[in-house]
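Chain residues, written in single-letter form:
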Amino acid sequence: MQISSRFTLAVHIFACIDTFKDQYKVTSDFLAGSTNVNPVIIRKILSQLKAAGLVEVARGSGGANIAKPLNEITLLDIYKAVECVENNELFHFHDHPSNKCPVGKNIHHILDDKLFRVQQAMEKELASITLEEIRNDTQKYICLQ
């Protein structure tokens, strides 16, 4: 299982908004050109980011802006804004493991706590990375080209 591409698309969107905000009107069509993703998908992600208070989007072709200072937005904020994690659980079990099997009837006891710890470690790391760090790397790599 992979985390949906909505997360990396959202980070890409932030990098574009920050990089091009003073040069272009950063619209969903503009972002679609950078991400090579349909503008409808970009608008859906922008809508999720807006609902989370991370971006401001002007109606029509007004463009998008980042709503907070970059050092106040973490990758965890973005992840939570765009990912559809059921019941706040990253890992999903297959439906109905067999109660007739000693492994099947105990698999939740075996794995639940471990998977919860893995998810917490991932979220802690995401929370430690801000968009300011993303900006710094973006500027560094763009200057190399």
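On a predicted model such as this, the values are computed, not experimentally measured, just so you know.

Cut-offs applied
Throughout, residues of each chain are indexed from 1 in the direction in which the sequence is written. The predicted nature of this model means local features are confined to residues of pLDDT at least 70 and side-chain atom pairs, given and counted, to a pLDDT of 80 or more, with totals for whole chains, interfaces and linings taken over all residues. The basis for every side-chain value is the complete set of non-hydrogen atoms in the structure, without hydrogens or water. To obtain an axis, a line is fitted to C-alpha atoms, over the contacting stretch when the element is a helix, and the angle between two such axes runs from 0 to 180 degrees between their N-to-C directions. Only DSSP runs of H or I with at least four residues qualify as helices, and only runs of E with at least two residues qualify as strands; both kinds are numbered from the N terminus onward. If an angle is under 35 degrees, it is roughly parallel; if it is over 145, roughly antiparallel; if it lies from 65 to 115, roughly perpendicular; otherwise it is oblique. For this analysis, residues touch if any pair of their heavy atoms sits within 4.5 Å. Polar here means any residue outside two lists: the nonpolar Ala, Val, Leu, Ile, Met, Phe, Trp, Tyr, Cys and Pro, and the charged Asp, Glu, Lys and Arg; Gly therefore counts as polar. Helix crossings are classified by the rotation of the near helix relative to the far one: an anticlockwise turn of less than a right angle makes the crossing left-handed, while a clockwise turn makes it right-handed. Within this document, salt bridges are pairs made up of a side-chain nitrogen of Lys or Arg and a carboxyl oxygen of Asp or Glu, the two lying within 4 Å of each other. To sort residues, take the accessible area from a 1.4 Å probe on protein chains only and compare it with the maximum for the residue type: under 20% means buried, over 50% means exposed, and anything in between is partly exposed.

## What about the packing of helix α1 (residues 5–20) against helix α3 (residues 39–51)?
- Relative orientation of the contacting elements α1 and α3 amounts to 80°, with a least axis distance of 10 Å. With respect to α3, the axis of α1 lies roughly perpendicular. Mapping the contact onto sequence places Arg6, Leu9, Ala10, Ile13 and Phe14 in α1 and Ile41, Ile42, Ile45, Leu46, Gln48 and Leu49 in α3.
- Partitioned by chemical class, the residues of the contact of α1 with α3 number nine nonpolar, one polar and one charged.

## Brief notes about the packing of α1 against helix α4 (residues 75–82)
- Across the interface, α1 lies against α4 with an axial gap of 9 Å and an inter-helix angle of 125°. In terms of orientation, α1 lies oblique with respect to α4. Considering only the axes of α1 and α4, their crossing is right-handed. Contacts between α1 and α4 involve Arg6, Phe7, Ala10, Val11 and Phe14 on the former and, on the latter, Leu75, Ile78, Tyr79 and Val82.
- Looking at the contact of α1 with α4 residue by residue, the class counts come to eight nonpolar, no polar and one charged.

## Quick word on the pattern of salt bridges
- Here the structure, examined in full by the defined rule, presents four salt bridges.
- Between Asp18 and Arg135 there is a salt bridge, and its shortest N-O distance comes to 3.0 Å. In this pair, Asp18 is assigned in helix α1 and Arg135 in helix α6 (residues 131–143), connecting sequence segments 117 residues apart.
- Judged by its relative accessible area of 28%, Arg135 falls in the partly exposed class.
- Asp113 is the salt-bridge partner of Arg117, the closest N and O atoms lying 2.9 Å from each other. One end of the pair, Arg117, and the other, Asp113, are both in helix α5 (residues 107–127), four residues apart, so they sit about a helical turn from each other.
- Judged by its relative accessible area of 46%, Asp113 is partly exposed.
- Residues participating in the shared-partner salt-bridge network are Asp18, Lys21 and Arg135.

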